[in-house]
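Now for the letters of each chain:
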Amino acid sequence: MKLDGILPFARVLLEKVVSAGDIAIDCTVGNGKDTVFLANLVGKTGKIYGFDIQELAIMKTTEKLIENDLIKQVSLHLTGHENIKMVLPNEHHNKVRGAIFNLGYLPGGDKEIVTVPETTIKAVQDLLEIMAPEGIIVIVIYHGHPEGEVESDALSYYVKSIPQEKAHVLEYRFINQTNNPPFIIAIEKR
Ligand code: SAM
């Protein structure tokens with residue numbers, strides 16, 4: 001297939017805006033794959049902030065970052081992404097170039113612990129305040145499980161209401177696949 005799959009396309013979008021020395025955020029650290037990807041993009045002179053509410057996620061990701069010699073440029077926080085604005089120091093506000101959410105539950109972890117629309121939407125609203133102009137928020141949405149469907153509906157409703165003078169909002173999805181495959185919402189701050 002020549003078209004980008006959902007996860008590869010999420011990375012294509014992040015690569016467009018995040019470079020060496022930049023600041024970016026992994027809003028749902030999980031097993032750390034996106035954190036590692038972003039840490040490689042920003043290099044030793046950049047900074048990644050990572051958020052997750054599960055100790056297991058923070059532990060696994062810390063190990064992965066140490067193994068790959070990427071720990072120096074990453075600051076991991078055992079707290080929800082709804083607290084991003086509080087955690088990021090003032091000097092980094094308006095400098096965030098990219099942010100990613102991989103919604104749902106931790107693969108291999110407790111499937112009862114999932115992202116929820118209230119906190120996800122609060123995080124997106126706060127990010128729109130503290131991103132740099134042309135910064136991109138990438139949200140990968142899994143709507144194949146019941147809570148995911150509720151979150152997908154709430155989030156789609158919210159992002160459609162963002163005024164076009166404030167941000168460009170994109171949806172990227174395969175529309176002929178079975179079993180509710182994940183899709184992307186990307187928001188570029190203007
Ligand atoms: N990006 C991850 C990776 O590469 O492995 C996968 C993320 S996983 C699908 C979703 C994660 O979101 C889980 O680890 C879960 O604990 C976390 N999560 C749930 N609610 C959260 C919140 N309010 N803030 C931050 N993380 C949250």
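Caption draft 1: Structural view of the overall build of the chain. Tallying secondary structure elements over the chain gives six helices and seven strands in all. Starting at the N terminus and walking to the C terminus, you meet the elements of the chain as α-β-α-β-α-β-α-β-α-β-α-β-β. Its C-alpha radius of gyration of 15 Å places the chain within 12% of the 16 Å reference for a compact globule of 190 residues. C-alpha atoms of the chain, sized along the principal axes, occupy 40 × 40 × 35 Å. Per-residue burial for the chain yields a buried fraction of 52% across its 190 residues. If you take every contact in the chain between residues at least 6 apart in sequence, the share linking residues at least 24 apart comes to 74%. Here the chain has roughly 9700 Å² of accessible surface; of this, 52% comes from carbon and sulfur atoms. Here the chain holds 19 positive side-chain charges and 25 negative ones, and the gap between their average locations is 6 Å.

Caption draft 2: Region of the structure containing the packing of aromatic side chains. On inspection of all chains with the given rule, the structure shows two aromatic pairs. Here the aromatic rings of F9 and Y172 are separated by 3.9 Å at their centres, their planes lie at 25°, and the arrangement is stacked. Residue F9 is found in helix α1 (residues 6-17), and its partner Y172 is found in strand β6 (residues 167-172); the two are separated by 163 residues along the sequence. Here F9 and Y172 have matching classes, each one buried. Between Y172 and F174, the aromatic rings sit 6.1 Å apart at their centres with planes inclined by 70°, giving edge-to-face as the arrangement. Pairwise contacts between aromatic rings join F9, Y172 and F174 into one cluster. Cation over ring: R11 sits above F37, and NZ or CZ is 4.5 Å from the ring centre.

Caption draft 3: Examining the sheet that holds strand β2 (residues 47-52) more closely. An order of β3-β2-β1-β4-β5-β7-β6 is seen for the seven strands of this open sheet, with the pairing classed as mixed. Every interior strand has two partners, whereas the edge strands, β3 (74-78) and β6, have only one. In this sheet, neighbouring strand axes are inclined to one another by 15° on average, regardless of whether the strands run parallel or antiparallel. Note: strand β1 (residues 23-26) against strand β4 (residues 96-102), four bridges, orientation parallel. Pairing of D26 across the sheet is with I100, part of β4.

Caption draft 4: Structural view of the site of the ligand. Close contacts around the ligand come from 23 residues, with N31, D34, D52, Q54 and H81 the closest. Take D52: an N or O atom from its side chain is 2.6 Å from an oxygen atom of the ligand. A distance of 2.8 Å separates an oxygen atom of the ligand from a polar side-chain atom of Q54. The protein chains hide 95% of the 600 Å² of surface that the ligand would expose on its own. Looking at the shell around the ligand, the elements with two or more residues in it are α2 (33-42) and β2.

Caption draft 5: Structural context of unusual backbone geometry. Backbone geometry places N94, a non-glycine residue, at a positive phi of 70°. Looking at the element boundaries, N94 is found in the loop between α4 (84-87) and β4. Positive phi outside glycine occurs at E134, with the angle close to 75°. Structurally, the position occupied by E134 is in strand β5 (residues 131-141).

Each value, and the rule that gives it
- Residues numbered from 1 in each chain as written.
- Predicted model: local features only at pLDDT ≥ 70, side-chain atom pairs only at ≥ 80, totals over all residues.
- Heavy atoms only, no water.
- Helix = DSSP H or I, 4+ residues; strand = E, 2+ residues; numbered from the N terminus.
- Rg over C-alpha atoms; globule rule 2.2 N^0.38 Å.
- Buried < 20%, exposed > 50% of the residue type's maximum accessible area, 1.4 Å probe, protein only.
- Contact = heavy atoms within 4.5 Å.
- Areas by Shrake-Rupley, 256 points an atom, 1.4 Å probe, with all protein chains shown as cover.
- Lys, Arg positive; Asp, Glu negative; His and termini not counted.
- Charge placed at Lys NZ, Arg CZ, Asp CG, Glu CD.
- Phe/Tyr/Trp six-rings, centres within 6.5 Å; stacked < 30°, edge-to-face > 60°.
- Lys NZ or Arg CZ within 6 Å of the ring centre and 35° of its normal.
- Pairing = 2+ DSSP bridges.
- Axes fitted to C-alpha atoms, helices over the stretch in contact; angles between N-to-C directions.
- Near = heavy atom within 4 Å.
- Polar contact = N/O pair within 3.5 Å; in protein donor to acceptor, adjacent residues only side chain to side chain.

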